[in-house]
Number of protein chains: 2
Amino acid sequence: MEPMEPMHPGDPSPSGTRVPEDHRLARAALMRMAEAGDRVMGRLIAWCGPLRALEQARRGSLDPEFAAAEAERTRRRIDLTQLAESWAARHADPDADPEADLAAGRERGARLIVPGDAEWPTQLDDLDDAAPLGLWLNGRANLRLSCLRSVAIVGARAATPYGVQVAAQLGSELSIRGWSVVSGGAYGIDAAAHRGALAGGAPTVAALACGVDVCYPRAHEDLFGVIRSHGVIISEWPLGSHPTRTRFLVRNRVIAALSRGTVVVQAALRSGALNTATHASGLNRHLMAVPGPITAETSEGCHALIRQGKAVCVTSADEVIELVGSIGGDLAPERRGPVLPRDGLNDETRRVLEAVPARGGAGPAVIAVSAGVGLTTALECLGALASAGFVEAVPRGWRLRRQPP
Amino acid sequence: MEPMEPMHPGDPSPSGTRVPEDHRLARAALMRMAEAGDRVMGRLIAWCGPLRALEQARRGSLDPEFAAAEAERTRRRIDLTQLAESWAARHADPDADPEADLAAGRERGARLIVPGDAEWPTQLDDLDDAAPLGLWLNGRANLRLSCLRSVAIVGARAATPYGVQVAAQLGSELSIRGWSVVSGGAYGIDAAAHRGALAGGAPTVAALACGVDVCYPRAHEDLFGVIRSHGVIISEWPLGSHPTRTRFLVRNRVIAALSRGTVVVQAALRSGALNTATHASGLNRHLMAVPGPITAETSEGCHALIRQGKAVCVTSADEVIELVGSIGGDLAPERRGPVLPRDGLNDETRRVLEAVPARGGAGPAVIAVSAGVGLTTALECLGALASAGFVEAVPRGWRLRRQPP
């Protein structure tokens, strides 16, 4: 059997091509049935596409060819039969209704993005078989654009005033310089990093271990509200889902994968933040740690990472940007001048951005011609550029914002 | 012309061989005439010995052959004639009387040690041409034995309470585990490190930029008194000398060279402690830095060293010992068990130590026979072992101390 559809489109879908609605629905169903990060499900979808994967998951048995390949491939101790049966069992749950999930999303302002959508951050492909099947989003910012230049800031919930101060300052300085902050929305370092980022101009991304409509912790209702207005809240779990211990850990791989690098601000020797750090290293993302007083346990995890050579010691936003900004082709221009968020746009989007006038305004058709793209592409790019803060709609069409991110 | 005497005896003088008194006197005179660290003087003594070096320094002109070799060797911008004349000019100073220096030393309990003396720490040879010509010592500890397993702790005078706490704790933990602490006797980190070390059992070494009888800073009179009783104060400058800015910097090379590694506890970006750090790196000693809050300038120098990969980030005495204890042959035994100060003794001294009984006591003659060394050597080694705390004198001779360092 040949794979039926490409699993990881390297680029956002060309203009006009949309993810078929039945594929989206199938993925929404599979997100209910398989655990987030289930690598067998990841490979099954890569093998035969979400529709046929759903068929097998529903009936609780794998196609013999896939099962054989899987058994061959990994000599897994996991019982494949049992796994497939667990998918089917979840399908039997009356809550597991993807149409209802999508309807609830529409009702509460949340959207489900899947691979192939323009807003899908393709760096999640680095998670390979463990990539999310889809992501629920709630917020005004475009996730893909927000994450083009983003840094994860993570750390202990039981942060000290020192850690909170450092996380807030790093968050705000990164944001002021056009870097989005990705974090987990938790107490302590996470919240300080988001708050700092909100003080700058760049969107901030909170990846939760519960539904995007669930406020955990409760005390962050206001914070999440502001993040929805100036950034985006994301989750692999359907609306209404509650967080579990496992989900926090599984969620961490997404925080690491979305960003160019992870900064651990404060972490004791056994801390969830070190789990995110391990993901970042495994994904070849830059791993950074902030030093602190050696008299406090809250920095012991950071110092261990530095001593082991796993993390680079960073003491300022400048040092973070120097590191994360220097991947591949970005090296030379960044040494010469300031970091520009637009450096991270893909070719098509950059051409559309260059076609937008600084004064007056131009209609999408004019911009499409000038950029050499189709009208649909132009509209898609303009929408994305607007939500990332590069352009704004004016009575005469579109123009550049005076102070881009 | 052939060099007349070996410059850097690799081992302490064999028993019975003493540095000739006229050589000691000549070095005392040369220490008055040449600046500490004067590399030309270092090479001159290596070339023709201290007696002929003194002749040339007194008359203010170099032997043509040495001058030619020197000019050839370095294409120096320093005017050699002018340098030799400056030596002669200092000789004319009525204060520059080496016999008076030695007499003053005897009177005030200070001793001058020179290369070839049993107490000379041969690791100073690593300073090559810039090695001290001699060292004035005041204190009960044996300098060579004290420094066999020693760590330099340095840092800012304007230390914060955090830095003081860390320096004192490191000093005391190192001392308790048999590692001597070498520092500069200054306010702040230095003083805290010495005080911590005094709380342990190992001797502490203060290298001053003034005479060993001069109390700088004044407030450290009590501290220096205790260091003299439980450690040793050392200096390249004769009694009565006052500190100058240059002398502090020149002195730093001795702190770095005496110890197996240097720990920078707190240092701003421009700090004298970083000068010691540079010496330590240049001498292939381990360089370590303690991290601290990134919100304080006092740790910026430490973080810079860590970020540049020049210093290893250390957060405890264990980590320091792991690093400095792992040189060459020490590697294997130390990984298997605790660090023993006796590991650092030379063969002869170790044999003498092994011949000392744990109970009762034995006379030096018996010990000498048992150790297979001459009586003079046995006496010399026993004196050294006693001042390092390995053995003690009892009515029936010598025996092992119950709690060696």
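Just so it is clear, the structure is predicted and the values come from calculations on it, not from any experiment. (Residues numbered from 1 in each chain as written. Chains lettered and ligands numbered in written order. Predicted model: local features only at pLDDT ≥ 70, side-chain atom pairs only at ≥ 80, totals over all residues. Heavy atoms only, no water.)

S.K.: Got a sec to walk through the overall build of chain A? Specific residues and values, please.
M.R.: Of the regular secondary structure elements, chain A holds 17 helices and 11 strands. Considering chain A as a whole, with its 405 residues, one finds that 55% of them fall into the buried category. When contacts within chain A are restricted to residue pairs at least 6 apart in sequence, those whose partners lie at least 24 apart make up 72%. Summing over all exposed atoms, chain A offers an accessible surface of approximately 17,400 Å²; the carbon and sulfur share of this is 51%. (Helix = DSSP H or I, 4+ residues; strand = E, 2+ residues; numbered from the N terminus. Buried < 20%, exposed > 50% of the residue type's maximum accessible area, 1.4 Å probe, protein only. Contact = heavy atoms within 4.5 Å. Areas by Shrake-Rupley, 256 points an atom, 1.4 Å probe, with all protein chains shown as cover.)

S.K.: Provide a residue-level description of the sheet that holds strand E9 (residues 312-313) of chain A, including the pertinent values.
M.R.: Residue and element names in this part refer to chain A. Read from one edge to the other, the open sheet built from 9 strands follows the order E1-E2-E6-E5-E4-E3-E7-E8-E9, with strand pairing classed as mixed. The sheet is open, and its two edges are formed by strand E1 (111-113) and E9, each paired on a single side. As paired elements, strand E4 (residues 180-183) and strand E5 (residues 204-207) share 3 bridges and run parallel to each other. Residue pairing in the sheet places Ser183 in a bridge with Ala206 of E5. (Pairing = 2+ DSSP bridges.)

S.K.: Account for the sheet that holds strand E2 (residues 135-138) of chain B, naming residues and giving values.
M.R.: All names here are of chain B. Sheet architecture is open: 9 strands sit in the order E1-E2-E6-E5-E4-E3-E7-E8-E9, paired in mixed fashion. At either margin of the open sheet sits one strand with a lone partner, and together these are strand E1 (111-113) and strand E9 (312-313). Along the sheet face, helix H13 (residues 317-324) touches strand E3 (150-154), strand E7 (261-264), strand E8 (286-289) and E9 and points at about 165 degrees away from the line of E8. (Axes fitted to C-alpha atoms, helices over the stretch in contact; angles between N-to-C directions.)

S.K.: Mind laying out the interface of chain A and chain B, listing which residues take part and the relevant values?
M.R.: One frequent convention defines the size of an interface as the accessible area lost when the parts assemble. Contacts between the two partners involve 18 residues from chain A and, on the opposite side, 18 residues from chain B. Where chain A touches chain B, the interface holds 4 salt bridges. Here A:Arg307 makes a salt bridge to B:Glu322, at a shortest N to O gap of 3.9 Å. Contributions of two or more residues to the side of chain A that touches chain B are made by helix H7 (161-176), helix H12 (300-307), E9 and helix H13 (317-324) of chain A. (Salt bridge = Lys/Arg side-chain N within 4 Å of Asp/Glu carboxyl O.)

S.K.: Can you break down the pairing of strand E11 (residues 397-400) of chain B residue by residue, with the values?
M.R.: Residues and elements named next belong to chain B. Bridge analysis of strand E10 (residues 391-394) against E11 gives 4 bridges, and the strand direction is antiparallel. When the sheet's bridge partners are listed, Val391 is paired in E11 with Leu400. Between the antiparallel neighbours E10 and E11 lie 2 residues.

S.K.: If you had to explain the confidence of the model for chain A to someone new, which residues and values would you point to?
M.R.: Residues and elements named next belong to chain A. Chain-level pLDDT for chain A is 88 on average; 89% of the residues reach the 70-or-more range. Scored below 50 in pLDDT, residues 1-16 shows 39 contacts in the model against residues more than four places distant or in partner chains. Counting interchain partners and residues more than four positions distant, the pLDDT-below-50 stretch residues 328-340 has 14 contacts. (pLDDT = per-residue confidence, 0-100.)

S.K.: A description of the environment of B:Leu249 should follow, citing residues and the corresponding values.
M.R.: Residue and element names in this part refer to chain B. Turning to its location among the elements, Leu249 is positioned in helix H10 (residues 245-258). Among the residues examined, Leu249 registers a relative accessible area of 42% and is labelled partly exposed. Apart from the residues lying within four places of it in its own chain, the contact partners of Leu249 are Asn275 and His279.

S.K.: Give me the relation of the copies chain A and chain B: which residues, what numbers.
M.R.: Superposition of chain A onto chain B requires a rotation of 180 degrees combined with a translation of 0.0 Å along the rotation axis, giving an RMSD of 0.1 Å. Given the turn and translation reported, the copies of this chain are related as if by a two-fold rotation axis. Scanning chain A for the C-alpha nearest the rotation axis identifies A:Gly292, at a separation of 2.2 Å. By residue overlap, the copies meet face to face through one surface: 100% of the interface positions of chain A are interface positions in chain B. (Least-squares fit on C-alpha atoms with pLDDT ≥ 70 in both.)

S.K.: Give a description of the side chain of A:Asp63 that names residues and reports values.
M.R.: Residues and elements named next belong to chain A. If you trace the backbone, Asp63 turns up in the loop between helix H2 (39-59) and helix H3 (64-74). For Asp63, a relative accessible area of 10% corresponds to the buried category. Among the polar contacts made by the side chain of Asp63, one reaches the side chain of Arg59 at a distance of 2.6 Å. (Polar contact = N/O pair within 3.5 Å; in protein donor to acceptor, adjacent residues only side chain to side chain.)

S.K.: Would you mind going over the pattern of salt bridges in detail, with residue names and values included?
M.R.: As enumerated under the stated definition, the model contains 34 salt bridges over all chains in all. In this structure, the salt-bridge partner of B:Arg59 is B:Asp63, at a minimum N-O distance of 2.6 Å. Overall, B:Arg59 belongs to the partly exposed group, its relative accessible area being 45%. Bridged by salt links that share partners, the residues A:Glu21, A:Arg24 and A:Asp117 form one connected network.

S.K.: Now, about helix H15 (residues 347-355) of chain B: what can you tell me, with residues and values included?
M.R.: Residues and elements named next belong to chain B. Those residues of H15 that sit buried are Thr349, Val352, Leu353 and Ala355. Buried residues of H15 fall within an arc of 160 degrees about the axis and therefore sit on the same side. Opposite the packed face of H15, turned more than 90 degrees from it, sit the exposed residues Asp347 and Glu354. Buried residues along H15 sit against helix H6 (143-148), helix H16 (364-371), helix H17 (375-387), E10 and E11. (Arc of directions from axis to C-beta.)

S.K.: Before we move on, could you go through the pairing of strand E5 (residues 204-207) of chain B and cite the residues and values that matter?
M.R.: Along a regular strand, successive side chains alternate from one face of the sheet to the other. All names here are of chain B. Across the two faces of E5 the burial is the same, with Thr204 and Ala206 and Val205 and Ala207 all buried. The β-α-β motif built from strand E4 (residues 180-183), the intervening helix H8 (residues 189-199) and the parallel element E5 has right-handed crossover chirality. Across 3 bridges, the pairing between E5 and strand E6 (residues 232-235) is parallel. In the sheet register, Ala207 faces E6, and the bridge partner there is Ile234. Taken together, E5, helix H9 (residues 221-230) and E6 form a β-α-β motif whose crossover is right-handed. (Right-handed = clockwise from strand over helix to strand, strands pointing away.)

S.K.: Talk me through the side chain of A:Asp101; I want residue IDs and the actual numbers.
M.R.: Mapped onto the elements of the fold, A:Asp101 is located in helix H5 (residues 98-108). What A:Asp101 contacts, discounting residues up to four positions off in sequence, is A:Arg32, A:Asp95, A:Trp136 and A:Pro238.

S.K.: How would you summarise the packing of aromatic side chains if you had to cite specific residues and measurements?
M.R.: A ring pair, where both rings are aromatic, is described by two values, the distance of the centres and the angle of the planes. Residues and elements named next belong to chain B. Inspection of the entire model under this criterion finds 4 aromatic pairs over all chains. Seen from their ring centres, Tyr216 and Phe248 are 6.0 Å apart, and the 50 degrees between their planes marks the pair as tilted. Of this pair, Tyr216 sits in the loop between E5 and H9 while Phe248 sits in helix H10, and the two are 32 residues apart along the sequence. Looking at Phe248, the relative accessible area reads 22%, which means it is partly exposed. (Phe/Tyr/Trp six-rings, centres within 6.5 Å; stacked < 30°, edge-to-face > 60°.)

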